[in-house]
Each structure stands twice: as structure tokens, then as C-alpha cells.
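# Survey of secondary and tertiary structure
Each chain, written out:
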Amino acid sequence: KAFSAKNTMGADNDDMKKAEVSAAARREKEQSKYRETCDGYIKSGLTGNVTVQFLINRLVSMGCEPPKGFISCMDCGAAKAGGGFGVVEEMVLPPSSPNKGYNPNETGGAYAEQAKIRAEKRQCDRTLEDLQAQIDAQKEGKARLRLLPEIFLCQQHLRNETHAHQSMVHELIHAVDHCRTKMDPLN
């Protein structure tokens, strides 16, 4: 009987693992469908929406030509947003960096590990606390930050093509403002 009970528990674990794999596969398939639809919305916005085209042309005329892949789709998880603008790039400075305020005893592996964890988060999952930690690290000379101009649309939260285009326009206005003012929101 002990063998039988052990076998049953093992079977339950196997069933749970299969269910988890199955759920992950379904989610992956679902996200793939969302991405395909979202990519179509981006393409139609870039080729057929006069407001999107005007704002892209405005960026180019101001000397801020968007790079290839400037607008992309992403899985934003539970974050309820249509999209976002700007990606903060955090470069951890080496211990030999002569930056004022640098303390090699504090930076070590712990800070680099925290930066790595932040870098692995999706943009839409980053918190105000993450951004504040990055800004503090820059002030302390542990990192250098720069805002990379990028627009992302939250693929699973787009209701339809019109909503996608409205999100693109909204984020492109941020891009135009960023280019026009040459502002550094991280400084």
C-alpha cells in the first residue's frame, strides 16, 4: 500500500507539471496571436494613419530619425496600459571609474546584481522604485543612465486598430517633445 500511495502522489505531481506546461503553452500561443495582431496595427499605423505619419515625419525633420523597430509590441502582463515611451538603459560603472561619489565597497556584486534584475524586467513591469534606484545609483556614481527613445504597445490590452493607433499617437507626442526640447528626464 505504501508503494501505491507513493505512486499516486508522483502521478499527482506529474499531472500538475503537465497542467503547468499546458497553461504556459496556451499563454505563449495566445501572446503570439496578440503580437501578430499588434504588429499588423503598427504596420497599418505607419503606412495609413495620417497622424502617425505626420508625427514620424516631424521627428525626422527635427533630426530625430526613429531607429528601425522604434515601435514594437510587448507582453505587458497584468499592467493595464496601451503602451509606453522610453526605455531607461542602466550601465553599471566599473570600480576603476573616477566618478565622484563612487564607493567600491558599496558597488561590488550586490549593486550589479540589482541592476541585472532590473534590466531583465519588462518595461511595463518596472516600478517607480526601480527608476528611483537607478537615479540614486547615477547620483552616487555607480551607474550611468540614458533614455533610449522607444515606443512599446501592450499587445494584449489593445482593444482594436483604432486604440492601437491612438496609443501610437500618444507615445509619438512624447517622442516629439523629447526631441524638440532635447531634455534629459534622468538628469
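It should be noted that the structure appears before, not after, this text.
Given the structure is predicted, the values throughout are model-derived calculations rather than measurements.

Rules behind the numbers
- Residues numbered from 1 in each chain as written.
- Predicted model: local features only at pLDDT ≥ 70, side-chain atom pairs only at ≥ 80, totals over all residues.
- Heavy atoms only, no water.
- 1 Å grid on protein atoms, 1.4 Å probe; cavity = no way out; pocket = protein on both sides within 12 Å on 5 of 7 lines; lining within 4 Å.
- Points joined across faces, edges and corners; volume = space filled by probe spheres on them.
- Helix = DSSP H or I, 4+ residues; strand = E, 2+ residues; numbered from the N terminus.
- Nonpolar A, V, L, I, M, F, W, Y, C, P; charged D, E, K, R; others polar.
- Axes fitted to C-alpha atoms, helices over the stretch in contact; angles between N-to-C directions.
- Parallel < 35°, antiparallel > 145°, perpendicular 65-115°, else oblique.
- Left-handed = near helix turned anticlockwise from the far one by under 90°.
- Contact = heavy atoms within 4.5 Å.

So, about the layout of surface pockets. The computed volume of the second largest pocket comes to approximately 150 Å³. Lining the second largest pocket are 12 residues, and of these Cys64, Pro149, Ala175, His178 and Cys179 sit closest to its centre. Here the element with the most residues in the lining of the second largest pocket is helix H5 (residues 161-181); it accounts for 3 residues. Residues that form the lining of the second largest pocket fall into these classes: 9 nonpolar, 1 polar and 2 charged.

Here helix H2 (residues 50-61) crosses H5 at 20°, and the two axes come no closer than 9 Å. One way to sum up the angle between H2 and H5 is to call them roughly parallel. Judged by the twist between their axes, the crossing of H2 over H5 is left-handed. Residues Thr51, Val52, Leu55, Ile56, Arg58 and Leu59 of H2 lie in contact with H5, whose contacting residues are His165, Met168, Val169, Leu172, Ile173, Ala175, Val176 and Cys179. Looking at the contact of H2 with H5 residue by residue, the classes come out as 11 nonpolar, 2 polar and 1 charged.

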